[in-house]
There are 2 protein chains.
Amino acid sequence: MTKRIWNFSAGPAVLPESVLEEARDNLLSLGSTGIGILEHSHRGKAFLKVYEETEALCREVGGIPANYKVLFLQGGASSQFFMIPMNFLTTGATADYLVTGAWAEKAKEEAERFGNVHVACNSADKNYSYVPQSASYSAAPVYVHYTSNNTIFGTQFHKQPTPPAGVDLICDASSDIFSRPIDIAKHGIVYAGAQKNLGPSGVTLVLIRDELVERGAKNLPAMLQYRTHAKNESMYNTPPTFAIYLMGLVLKWIKQNGGLTAMGERNARKAGKLYAFLEQSRMFKPTAAVDSRSQMNVTFVTGNADLDAEFCSAATKAGFDGLKGHRSVGGMRASIYNAFPEAGVDALIDFLREFEAKK
Amino acid sequence: MTKRIWNFSAGPAVLPESVLEEARDNLLSLGSTGIGILEHSHRGKAFLKVYEETEALCREVGGIPANYKVLFLQGGASSQFFMIPMNFLTTGATADYLVTGAWAEKAKEEAERFGNVHVACNSADKNYSYVPQSASYSAAPVYVHYTSNNTIFGTQFHKQPTPPAGVDLICDASSDIFSRPIDIAKHGIVYAGAQKNLGPSGVTLVLIRDELVERGAKNLPAMLQYRTHAKNESMYNTPPTFAIYLMGLVLKWIKQNGGLTAMGERNARKAGKLYAFLEQSRMFKPTAAVDSRSQMNVTFVTGNADLDAEFCSAATKAGFDGLKGHRSVGGMRASIYNAFPEAGVDALIDFLREFEAKK
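Since the model is a prediction, treat every value here as computed from it, not as a measurement. Chains are numbered independently. Their residues run from 1 in the order of the written sequence. Here chains are named by letter from A upward and ligands by number from 1 upward, in the order in which they appear as written. In keeping with the predicted nature of the model, local features appear solely for residues at pLDDT of at least 70, side-chain atom pairs appear and are counted solely at 80 or more, and the whole-chain, interface and lining totals rest on all residues. Processing note: side-chain calculations cover all non-hydrogen atoms of the structure and skip hydrogens and water entirely.

(A) Layout of the interface of chain A and chain B. By the convention used here, residues are in contact when the closest approach between their heavy atoms is within 4.5 Å. Chain A puts 63 residues into the contact, and the matching count from chain B is 63 residues. What counts as buried area is the accessible surface, traced by a 1.4 Å probe, that two parts surrender upon association, with contributions from both included. For the pair chain A and chain B, the summed buried surface comes to about 4,600 Å²; carbon and sulfur atoms form 62% of the total. When the buried surface of chain A facing chain B is broken down by residue, Leu28, Leu38 and Glu39 of chain A rank first, second and third, together holding 16% of it. Here a salt bridge means any side-chain nitrogen of Lys or Arg lying within 4 Å of a carboxyl oxygen belonging to Asp or Glu. Applying the counting criterion to the chain A and chain B interface returns two salt bridges. Across the salt bridge formed by Glu39 of chain A and Arg4 of chain B, the nearest N and O atoms sit 2.8 Å from each other. Side-chain atoms alone can form a polar contact between residues adjacent in sequence; in general such a contact is a pair of N or O atoms within 3.5 Å, and within protein one must be able to donate a hydrogen while the other accepts it. Remark: the boundary between chain A and chain B carries 24 residue pairs in polar contact (both at pLDDT 80 or more). Secondary structure elements with two or more residues in the side of chain A that touches chain B: α1 (17-25), α3 (76-88), α4 (102-111) and α7 (241-256) of chain A. By the criteria applied, helices consist of DSSP H or I runs no shorter than four residues and strands consist of E runs no shorter than two, each listed in order from the N terminus.

Quick look at the structure:
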């Protein structure tokens with residue numbers, strides 16, 4: 001088999017090898033069923049078992065309270081950007097948005113179609129290189145929305161925001177869900193595209209408190225009402241069965257590897273090493289403010305675009321893939337989600353050190 | 001490896017073995033890239049090549065004119081049910097629906113949220129066991145919507161409807177797309193969930209004429225405007241990369257097996273054999289009217305619910321899976337899409353004959 005290389009892709013991203021091997025072995029026959037995992041009816045016993053196991057693992061691993069629904073939807077975080085205000089932001093009401101990056105900004109723009117939006121904080125002044133340490137909320141927002149990790153800019157909330165008492169906190173956790181313990185009960189909704197920490201692209205995990213399911217608008221197309229999916233256990237229409245199966249395997253892997261506490265410790269160690277190297281480097285510098293650095297996406301630059309390009313090219317040749325930074329930041333970005341091995345971070349640090357030494 | 005059994009599932013459904021084998025071999029490394037197909041960034045060269053090949057194969061196999069966009073969306077046909085009227089059925093205007101089954105009815109119900117709906121024909125009077133041979137259109141519909149194959153009731157349009165001159169025909173082809181040649185140019189939009197004839201669940205193919213892309217409503221969330229997906233080549237948000245890859249493999253398999261003409265001939269032969277057996281059987285009877293029979297889903301009953309159940313149970317034990325009919329029809333349903341082998345139809349006929357002989 002071809003040797004696997006270090007994949008620093010921001011998403012879709014590296015998956016645990018054991019997960020890929022298990023999926024591979026079930027592609028022509030799921031267990032002894034004689035039917036591959038892709039080919040099972042979503043209404044059949046074999047897939048229902050997969051579905052139930054995935055949901056149960058999600059609840060166990062994520063510590064999801066019983067009064068929250070676990071939904072497996074389609075359309076990515078981008079669909080949640082509009083579904084949330086469409087369901088909860090009635091005309092005349094105000095929703096608060098913490099604008100800490102490009103995706104937070106897109107979420108805010110979709111909300112503006114439906115009602116008043118108050119920007120409770122905004123870090124666009126420094127190209128989103130930091131997460132504001134405080135926010136100024138409106139008088140009575142219907143919810144407060146934030147993006148826990150900003151994939152593009154390499155920043156992350158180190159502690160979750162504190163909205164006014166009684167106001168629902170809604171989190172786009174696409175790029176750091178289950179990378180550390182998360183207090184679901186402090187949120188009304190937590191949602192995440194799966195393609196970074198949970199599995200493949202094509203499924204969106206939505207954790208939503210029962211009361212919000214009920215409160216959502218009723219005059220919407222069936223597919224755009226959370227209650228439709230809650231009532232039908234995500235099977236109102238044919239769900240993305242393989243993506244749900246894969247998410248189940250990833251959740252099992254998280255559990256086997258110590259759960260969210262262990263994930264958090266390992267991710268802190270991985271990112272910590274890389275930031276420590278960058279701190280002492282004469283050539284490479286992290287772009288994010290110290291108090292806002294992401295453990296998932298480590299962004300850094302040399303300060304010279306040509307040298308950045310030379311580094312990326314050399315890294316690709318040496319088997320480090322996906323390090324080119326997003327065009328909004330330039331430079332480099334190492335995405336090191338849960339499944340990215342610590343050995344790959346060590347190898348990258350060695351490579352960075354050697355590249356610097358040769359100059 | 002576990003022996004594969006005959007999978008008559010209505011969808012997700014059987015896929016060609018060669019497709020599953022190729023996917024399996026690329027799960028840990030796509031070709032020599034060292035990164036599995038699930039793990040490649042949708043912005044990277046490797047996946048862009050997959051995407052371009054899939055789109056090109058789709059255009060070639062389906063004979064899709066250059067003035068149509070090929071979009072790979074999420075949310076299933078159920079999302080198209082509302083996106084179409086949301087984009088094209090303005091208040092005061094009328095859309096015509098041919099109501100020939102449960103899915104057609106759901107599509108119609110979603111349209112009623114947005115404007116006037118005229119039912120141009122309806123076969124609910126006989127539990128959708130036939131496709132009306134004529135329709136009565138309204139004066140100036142903005143479009144005419146039909147469901148080319150009715151999965152639940154085992155009926156299919158044997159020729160496409162003829163809307164009033166200049167009116168766009170819109171087709172939900174989820175359960176028979178690319179099972180026979182289709183004249184895309186006679187349609188404004190053809191859409192299909194992939195999980196029957198095209199690949200796994202989790203991706204929806206939408207073929208849409210450029211002029212409709214432009215005409216769609218502009219005051220909608222970005223994800224609900226066709227122009228967003230057309231402009232961004234289905235990558236406004238992260239697409240379901242693996243499902244698109246699989247669809248590409250299935251399209252390659254269709255091409256290698258003679259394209260849509262050959263598919264149509266083979267499907268006619270497969271369904272023809274099964275209907276011929278049912279016609280002469282004293283025990284089993286087809287439920288669909290002769291002029292409306294589906295080549296994809298063959299529905300039949302004994303007329304005795306207990307005997308139906310006994311048959312289904314015996315069939316499952318003998319390695320024929322997924323034959324239980326939908327609760328709306330009862331009895332049995334053999335879904336025999338493109339990838340269902342002719343040998344499996346022969347085996348089913350033998351089994352039916354033996355079961356009947358023993359009684």
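(B) Looking closely at the nonpolar core. Residues belong to one nonpolar core when they are buried, are Ala, Val, Leu, Ile, Met, Phe, Trp, Tyr or Cys, and are joined through side-chain atoms within 4.5 Å. Partly exposed describes any residue whose relative accessible area lies between the buried limit of under 20% and the exposed limit of over 50%, with all areas from a 1.4 Å probe on protein chains only and scaled to the type maximum. Membership of the largest hydrophobic core comes to 108 residues, with the highest contact counts inside it found for Phe178, Leu205 and Phe242 of chain A together with Phe178, Leu205 and Phe242 of chain B. If we skip the residues at most four places from it in the chain, Leu205 of chain B touches Cys58, Val70, Leu71, Phe72, Ile177, Phe178, Val190, Tyr191, Ala192, Leu198 and Met247 of chain B. Phe82, Leu89 and Tyr226 of chain A together with Ala217 of chain B belong to the second-largest nonpolar core, a separate cluster that totals 70 residues.

(C) Representation of the sheet that holds strand β10 (residues 204-209) of chain B within the structure. Residues and elements named next belong to chain B. Overall, mixed pairing links the seven strands, which are arranged β2-β10-β9-β8-β5-β3-β4 in an open sheet. Two strands lie at the open edges of the sheet, namely β2 (68-73) and β4 (116-122), each paired on one side alone. Averaged over all adjacent pairs, the angle separating strand axes in this sheet is 15 degrees, with direction ignored. For two strands to pair, DSSP has to find at least two bridges joining them. As paired elements, strand β9 (residues 189-193) and β10 share five bridges and run antiparallel to each other. In the sheet register, Gly193 faces β10, and the bridge partner there is Thr204. Across the sheet, helix α4 (residues 102-111) is in contact with β3 (94-99), β4 and β5 (143-147); its angle to β3 comes to roughly 165 degrees. The axes are straight lines fitted to the C-alpha atoms, using for helices just the contacting stretch, and the angles between their N-to-C directions are given from 0 to 180°.

(D) Layout of the domain arrangement of chain A. Residues and elements named next belong to chain A. Throughout, the edges of the domains are those of an automatic or database domain assignment. Each assigned domain of chain A is listed with its residue range as follows: domain 1 (18-256) and domain 2 (259-357). Between domain 1 and domain 2, the C-alpha centre-to-centre distance is 27 Å. Contacts between the two partners involve 28 residues from domain 1 and, on the opposite side, 27 residues from domain 2. Summing both sides of the interface, domain 1 and domain 2 together bury roughly 2,100 Å²; the carbon and sulfur share of this comes to 54%. Together, Ile152, Gly154 and Trp253 form the three largest contributors to the area buried by domain 1 at its contact with domain 2, with a combined 23%. Taken together, domain 1 and domain 2 are joined by zero salt bridges. Where domain 1 packs against domain 2, one counts 17 residue pairs in polar contact (both at pLDDT 80 or more). Secondary-structure elements contributing two or more residues to the side of domain 1 that touches domain 2 are α2 (45-62), β6 (149-150), β7 (155-156) and α7.

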